[in-house]
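So the chains spell out like this:
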Amino acid sequence: MTTLESTLDRVVDVAGRYDPVIGLETHVELGTVSKMFCGCPTTFGAEPNTQTCPVCLGLPGSLPVPNEVAIESTIRIGLALHCDIASWCRFARKNYFYPDMPKNFQISQYDEPLCTNGYLDVTVEGRTVRVEIERVHLEEDTGKSLHVGGATGRIHGADHSLVDYNRAGIPLVEIVTKPVAGTGALAPVVGRAYVTELRELLRSLGVSDVRMEQGSLRCDVNVSLSPAGSGVLGTRSETKNVNSLRSVERAIRFEMGRQADVLDRGGRVVQETRHFHEDNGRTTPGRSKEEATDYRYFPEPDLVPVAPDPAWVDRLRTTLPELPAERRARLAGELGATAFEMESMANAGVVELVAATAAAGAPAAEARNWWLGYLTQKANAAELEPADLAISPEQVARVVALVEDGTLSVGLARQAVDGVLETGADVDTVVAERGLRRVSDVDALAAAVDEAIAAQPDVAEKIRGGKVAAAGALVGAVMKATRGQADAKTVRELILQKLS
Ligand SMILES: [Zn+2]
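Residues numbered from 1 in each chain as written. Predicted model: local features only at pLDDT ≥ 70, side-chain atom pairs only at ≥ 80, totals over all residues. Heavy atoms only, no water.

Q: Even after reading the chapter, I still don't get the state of the cysteines, so can you show me in this structure?
A: What we call a disulfide is simply a covalent bond connecting the sulfur atoms of a pair of cysteines. Enumeration over the complete set of coordinates arrives at zero disulfides. Cys89 carries a free sulfur, and the closest cysteine sulfur to it, the one in Cys115, is 8.2 Å from it. You can call Cys89 buried: its relative accessible area is 0%. With no disulfide of its own, Cys115 lies 5.4 Å from the sulfur of Cys83, the closest cysteine sulfur. For Cys115, a relative accessible area of 0% translates into the label buried. (Disulfide = S-S within 2.5 Å. Buried < 20%, exposed > 50% of the residue type's maximum accessible area, 1.4 Å probe, protein only.)

See the structure below:
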């Protein structure tokens, strides 16, 4: 079993001998009200097969009508990624048979994508990497197969399969990068940073809810290795449907190690699709990769070409919202954060959370410490994004205020946060119900101090004899007896007073 730690070392080792080249294909389900070519609703989680019609079921004689909002969203994504927008392009049929695709072809775009030649800059360890965008095109999503009876939910070992066409026909944008080379051992982190930045960009445009765990943002990760300095492109593998930011990094790391093993033995990397396994961080072979010619693409005869009016495109360009990179530059000033701190926050996905916590009244440095520290730990432990934790920036600001006014120690504040995360109640309720207030009242603490002294007479004797440092043991005992609620400074003063 390859552990995470050993693969981190391994990446540095591999990058010393091979140049890793990565490429990312990201699928984004647009948040339109209706589907791409029909009027069916797109709500996530509805009863299977309740959001279908003759068009998205591919029944004979039905005709598609394009969704204008989907085309507009795709153009806005292209503009935000600095792409050229085609003045004329066509949809194409991508022919293949699959049970979750009722027409037996998918309406996509082939050699005439809507947007081409853009870029997205990401910053990793203080270095800006320009990820070039090959194309952004629009297509329709497939349905979903559900394999029942097998151990893993995969078709292998299942005793029957069900298909849900609710997702069939939901507008899907595919964003394809050019090969990203020259990042060495940083390649896995660059891949993750790119998807993180792209997700922020899509969120700021409001075109998708970009929920990776619900599949509205999905990534295929291409990795190849070429012998260092050779300039010869290696054969790539394509790992499909990598469904979290962390998995993007892990999949690239694993593939770098696996391919280096093959090449070191004098073997040949096979061009194939692979599956990523969340549980062990490994990839396993899927099918060998089809070539574009296998799909017999041809222009979709049921749809007229798309020719966006240049005036419309200009209007969309001038009405783009503030994009994440600009927003971060502005927030860096407002939050008094260094470039390094902004990068840490961006890569942890907490920029907006820190900004909102500061806006709710917390000092920016405290807001940053909480989100980058304890709350990121809690999110990682729960395998959630920090934004999905059940605590709002306003509640975090309230915790900070209670620490500042002395009501809570940092330890008690963490207990209060735990309580909010567990119960969904607000901070003040948790503090009251769990009795978390710091006790600094001398009378209330005196009894606990007396008990601690009585329980450890030898320690008390040392302190009486002048060994003041020994007081720590008694302070610890009082803290334990009061479940961390005692004010340590007051306890220490009390002990020294009583034993002087
Ligand atoms: Zn429909």
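From this point, things continue past the structure.
Q: What should I look at first to understand the coordination of the zinc ion in this one?
A: Ideal geometry at a metal centre: 109.5 degrees between donors when four sit tetrahedrally, and 90 or 180 degrees when six sit octahedrally. Protein coordination at the zinc ion: the donors are Cys38 (SG), Cys40 (SG), Cys53 (SG) and Cys56 (SG), at 2.3 to 2.4 Å from the metal. For the zinc ion, the four donor atoms in the first shell make angles of 100 to 116 degrees at the metal, a pattern classed as tetrahedral. All donors to the zinc ion come from one chain, and their sequence spacing reads C-x1-C-x12-C-x2-C. (Donors = N, O, S within 2.8 Å, 3.2 Å for Na, K, Ca; no water. Tetrahedral: all angles 85-135°; square planar, octahedral: opposite > 155°, others 65-115°.)

Q: Quick question: what am I supposed to make of the nonpolar core here?
A: Where a protein is soluble and globular, its nonpolar side chains tend to be buried together. Judged by nonpolar contacts, the single largest core of 73 residues is most densely connected at Ile77, Leu81, Ile175 and Tyr194. Residue contributions to this core peak at nine residues, all from helix 3 (residues 187-205). Setting aside its immediate chain neighbours within four residues, Ile77 contacts Leu30, Val136, Val173, Ile175, Leu202, Leu205 and Val207. Core analysis: the second largest hydrophobic core is formed by 37 residues, Val350, Ala364, Leu402 and Ala416 among them. (Core = buried A, V, L, I, M, F, W, Y, C linked by side-chain atoms within 4.5 Å. Helix = DSSP H or I, 4+ residues; strand = E, 2+ residues; numbered from the N terminus. Contact = heavy atoms within 4.5 Å.)

Q: Looking at this model, I keep getting lost on the pattern of salt bridges. Mind explaining?
A: Should the charged atoms of two oppositely charged side chains come close, the side chains can pair. One pass over the full model with this rule turns up 35 salt bridges. One salt bridge connects Asp13 with Arg10, and the closest N-O pair in it is separated by 2.7 Å. Taken as a pair, Asp13 and Arg10 lie in helix 1 (residues 4-17) at a separation of three residues, close to a single helical turn. The salt bridge partner of Glu249 is Arg192, with a shortest N-O separation of 3.2 Å. On the criterion of sequence distance, the pair formed by Glu249 in helix 4 (residues 245-264) and Arg192 in helix 3 is long-range, its members being 57 residues apart. (Salt bridge = Lys/Arg side-chain N within 4 Å of Asp/Glu carboxyl O.)

Q: How should the packing of helix 14 (residues 442-455) against helix 17 (residues 488-499) be read in this particular structure?
A: If you want to describe how two helices pack, look at the angle between their axes and the distance between the axes. The geometry of helix 14 relative to helix 17 is characterised by a closest axis approach of 10 Å and an angle of 60 degrees between their N-to-C directions. It follows that helix 14 is oblique to helix 17 by the angle criterion. At the point where helix 14 passes helix 17, the crossing takes the right-handed sense. Only Thr490, Val491, Leu494, Ile495, Lys498 and Leu499 of helix 17 make contact with helix 14, whose side of the interface consists of Val442, Leu445, Ala446, Val449, Asp450 and Ile453. Among the residues forming the contact of helix 14 with helix 17, the class breakdown is nine nonpolar, one polar and two charged. (Axes fitted to C-alpha atoms, helices over the stretch in contact; angles between N-to-C directions. Parallel < 35°, antiparallel > 145°, perpendicular 65-115°, else oblique. Left-handed = near helix turned anticlockwise from the far one by under 90°. Nonpolar A, V, L, I, M, F, W, Y, C, P; charged D, E, K, R; others polar.)

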